[in-house]
Amino acid sequence: MAIKTTQKKVESKGRRGNITAEAREKGAISKSQRGIFNKYIKALQGRAVDKNREKIAEIEDVLTKGRHVRKAPVFKNGKRIGTKDKELGLLPSERAKLMALKIKLEANLTRKAPDDLHKDFLAILPEYAEKNGLTRDILLSVGVPAEDLNTVGL
């Protein structure tokens, strides 16, 4: 009596509904790269950067006008009853403080991502950009720093 041995054929192509190991690995790599890309760009941008830009614009406006609005107390019969807005000229010390604050806020605009995230981003950038058809102009417009593009040769 002969014993039949059966061997399952290893499929290189997936059937409908089945994903090959190769395709699964490609998808995982793509998802990982997309995650690193998004985390890095969000680390460089975000609400804090937008708020700093708004504050810088306000400071520039005050410095240009040379005047600022302060709350001044309002008294009636010797009692304080509230406050009103009063426009005053900037003192030299106030101007200096505003200029220093503006410089500090501008320095924060060029936030740095954590070093390990930056390293991971530079590692995936060339392949990710090529795979997704991202040109230098597109990458610059979404917030990738030009120095990072130069580093990886894009």
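Before reading on, note that the structure itself is shown above.
Remember, it's a predicted structure, so these values are computed and weren't measured experimentally.

Q: Would you take a moment to explain the overall build of the protein chain for this structure?
A: Across its full length, the protein chain carries six helices and two strands. Across the 154 residues that make up the protein chain, the buried fraction comes to 21%. Excluding contacts between residues fewer than 6 apart, the proportion of contacts in the protein chain whose partners are at least 24 apart in sequence is 60%. Taken as a whole, the protein chain presents about 12,500 Å² of accessible surface, with 53% of it coming from carbon and sulfur.

Q: Help me out: how do you make sense of helix α3 (residues 92-109) in this one?
A: Since one α-helical turn is 3.6 residues long, residues separated by three or four positions face the same way. When the terminal C-alpha atoms of α3 are compared, their 26 Å separation across 18 residues agrees well with the 26 Å that a helix rising 1.5 Å per residue should span. All of the buried residues in α3 are Glu-94, Leu-98 and Leu-105. Down the axis of α3, the sector holding all buried residues measures 35°, keeping them to one side. The outward face of α3, more than 90 degrees from its buried face, is lined by the exposed residues Pro-92, Ile-103 and Lys-104. Of the surrounding elements, those touching the buried residues of α3 are α2 (47-65), β1 (67-76) and β2 (79-89).

Q: How do you make sense of the pairing of β1 when you look at a structure like this?
A: Side-chain direction in a regular strand flips from residue to residue, so the side chains alternate between the two faces of the sheet. Sheet analysis places β1 next to β2, joined by ten bridges and oriented antiparallel. Looking at β2, one finds that Val-74 is bridged to Gly-82. Between the end of β1 and the start of β2, which pair antiparallel, lie two residues, with Asn-77 showing a positive phi angle near 55°.

Q: How do you make sense of the packing of aromatic side chains when you look at a structure like this?
A: The description of an aromatic ring pair rests on the distance of the ring centres and on the angle between the ring planes. Summed over all chains, the structure comprises three aromatic pairs. Ring centres of Phe-37 and Phe-121 lie 5.7 Å apart, and the angle between their planes is 40°; this geometry places the pair in the tilted category. Pair noted here: Phe-37 is in helix α1 (residues 21-44) and Phe-121 is in helix α4 (residues 115-132), with a separation of 84 residues, a long-range link. With a centroid separation of 4.1 Å and 15° between ring planes, the pair formed by Tyr-40 and Phe-121 is classed as stacked. Pair noted here: Tyr-40 is in helix α1 and Phe-121 is in helix α4, with a separation of 81 residues, a long-range link. Just as Tyr-40 is buried, Phe-121 falls in that class too.

How each quantity is defined
- Residues numbered from 1 in each chain as written.
- Predicted model: local features only at pLDDT ≥ 70, side-chain atom pairs only at ≥ 80, totals over all residues.
- Heavy atoms only, no water.
- Helix = DSSP H or I, 4+ residues; strand = E, 2+ residues; numbered from the N terminus.
- Buried < 20%, exposed > 50% of the residue type's maximum accessible area, 1.4 Å probe, protein only.
- Contact = heavy atoms within 4.5 Å.
- Areas by Shrake-Rupley, 256 points an atom, 1.4 Å probe, with all protein chains shown as cover.
- Expected span 1.5 Å × (residues − 1).
- Arc of directions from axis to C-beta.
- Pairing = 2+ DSSP bridges.
- Phe/Tyr/Trp six-rings, centres within 6.5 Å; stacked < 30°, edge-to-face > 60°.

It is worth stressing that arrangement in space is one thing and function is another; only the former is reported here.
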